[in-house]
Amino acid sequence: MPEPPLKGAIDVHAHFITPRLRAEMEKAGHGGPDGMAAIPAWSPEDALSVMDGAGIAAALLSVSSPGVHYGDDRAARELARVVNEEGAALVHDHAHRFGLLATLPLPDLPGALAETRHSFDELGADGITLHTHYAGRHLGDPFYEPLLAELDERSAVVFLHPTSPPCWEATTMGHARPMLEFPFETTRAVTNLVLNGVLDRYPRIRFIVPHAGAALPAVADRVAAFAFSTGDPPVDVLGALRRLYYDLAGFPLPRQLPALLTLTGTDHILYGSDYPYTPDWVVHGLAETLVSSTVLSTEQWQSVLRDTASALFPRFAPQP
């Protein structure tokens, strides 16, 4: 058999879909989430097989869009608890292969605070997943301040993930939202975090931005110019973006990764597969493309594929 291309990578952008989550999504009308054709199949056995084939040593599991809140706070709290406990059970059964980025029942803020504490204190979660907005409030809105304070106190790793924007019916032109709306949602939420000073007020939160920074490398200078000319006081946009972490899920080559490297260094870039929303054969093909690229040196690829993630998630660091 050919040698797996990634040789021990840590995947920070991997999703899981338990039978309970699938059933609740379908019942709520999300059988084609965000305009996609269907909820993809997922099982721990299939995930481990894909990981082995690509050379992924460990995957941090998260719930993708649309999350667990479908309009009822109590139901969302229950589903978040069930899904996080199912994720923790997967980690227990495969401690060296899976990690958990817990999901929260936002926009139910009291429920989200309770689930954050349960996830870290009782389940031992490796981090938290936050979507770009909940009920139209994008991250960076003052609404989230109590949650951000809690996450900062815990020096939490927070994985950001896009979801359909509030106005998607008017903007998608009939296409599935992940094509265009997801990158712009990510850009919108991160920009709001930066301009509203969240990264300065809560410097201990380690944010991971998906999909090679989405549109941020293209618009960063424009945002920085507006922030300098209209901000009071001016915001150091480029400095803030440099401190964030970015995964390479999606299609980072040949254009996005070189652009991302103008914003940050390889010590803030991580590998992500986006499995199972990215099918197994595409995961493998993208992995081959990454490691055959000359954009980075061998040492830089080692940092991207494993070293930086090991620093964020020390339990996956190689043992001496």
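Placed above this text is the structure.
These figures come from a predicted structure and were not determined experimentally.

J.: Which parts of the structure should I look at to understand the packing of helix α7 (residues 177–195) against helix α9 (residues 216–230)?
T.: The axes of two packed helices give the description: the angle between them and the distance between them. Running from amino to carboxyl end, α7 crosses α9 at an angle of 35°, the nearest separation of the two axes being 12 Å. As for how α7 packs across α9, the hand of that crossing is right-handed. Along its contact with α7, which presents T187, V190, T191 and L195, the element α9 presents L216, V219, V223 and A227. Looking at the contact of α7 with α9 residue by residue, the classes come out as six nonpolar, two polar and no charged.

J.: I tried to follow the pairing of strand β1 (residues 9–15) on my own but got confused; where do I start?
T.: Two faces belong to every sheet, and in a regular strand the side chains alternate between them. Of all seven residues that make up β1, seven are buried, and the element is covered over most of its length. Here five bridges tie β1 to strand β2 (residues 56–62), and the two strands are oriented parallel to one another. Paired with I10 across the strands is A58, a residue of β2.

J.: Can you walk me through the environment of V82 in this structure?
T.: By the element assignment, V82 lies in helix α3 (residues 73–93). A C-alpha to C-alpha distance of 19 Å links V82 and I39, two positions 43 residues apart in sequence.

J.: Any chance you could explain the sheet that holds strand β10 (residues 269–270) here in plain terms?
T.: Where strands meet in a sheet, backbone hydrogen bonds hold them as pairs that are either parallel or antiparallel. In space, the eight strands of this open sheet follow the order β1-β2-β3-β4-β7-β8-β9-β10, with parallel pairing throughout. Strands with a single pairing partner mark the edges of an open sheet, and in this sheet they are β1 and β10. Of the pairings in the sheet, the one linking β2 to strand β3 (residues 98–102) comprises three bridges and is parallel in character. Across the sheet, the residue bridging to A59 is F98, located in β3. α3 rests against β2 and β3 of the sheet, and its axis sits at about 160° to β3.

J.: Could you clarify how one ought to interpret the environment of R154 in this entry?
T.: In this structure, R154 sits in the loop between α5 (145–153) and β7 (157–161). Residues R154 and G71, 83 residues apart in the sequence, show an inter-C-alpha distance of 29 Å. In this structure, R154 is in contact with R117, F120 and D121, ignoring residues within four places of it in sequence.

Parameters and conventions
- Sequence order as written defines the numbering, with residues in each chain counted from 1.
- The predicted origin of the model limits local features to residues at a pLDDT of at least 70 and limits the giving and counting of side-chain atom pairs to 80 or more, whereas totals for whole chains, interfaces and linings rest on all residues.
- To obtain the side-chain values, all non-hydrogen atoms of the structure were included, while hydrogens and water were left out.
- Throughout, an axis means a line fitted to C-alpha atoms (over the contacting stretch in the case of helices), and angles, computed between N-to-C directions, take values from 0 to 180 degrees.
- Strands are runs of DSSP state E lasting at least 2 residues, helices are runs of H or I lasting at least 4, and numbering of each runs from the N terminus.
- Throughout, a crossing is termed right-handed when the near helix is turned clockwise from the far one, and left-handed when it is turned anticlockwise from it by less than a right angle.
- Whether two residues touch is decided by their heavy atoms; if any such pair falls within 4.5 Å, the residues are in contact.
- Note that Gly is not counted as nonpolar here; it falls among the polar residues with everything else outside the nonpolar set of Ala, Val, Leu, Ile, Met, Phe, Trp, Tyr, Cys and Pro and the charged set of Asp, Glu, Lys and Arg.
- The buried label goes to any residue with under 20% of its type's maximum accessible area, the exposed label to any with over 50%, and the partly exposed label to all in between, with areas taken from a 1.4 Å probe on protein chains only.
- Should DSSP find at least two bridges between two strands, the strands are regarded as paired.

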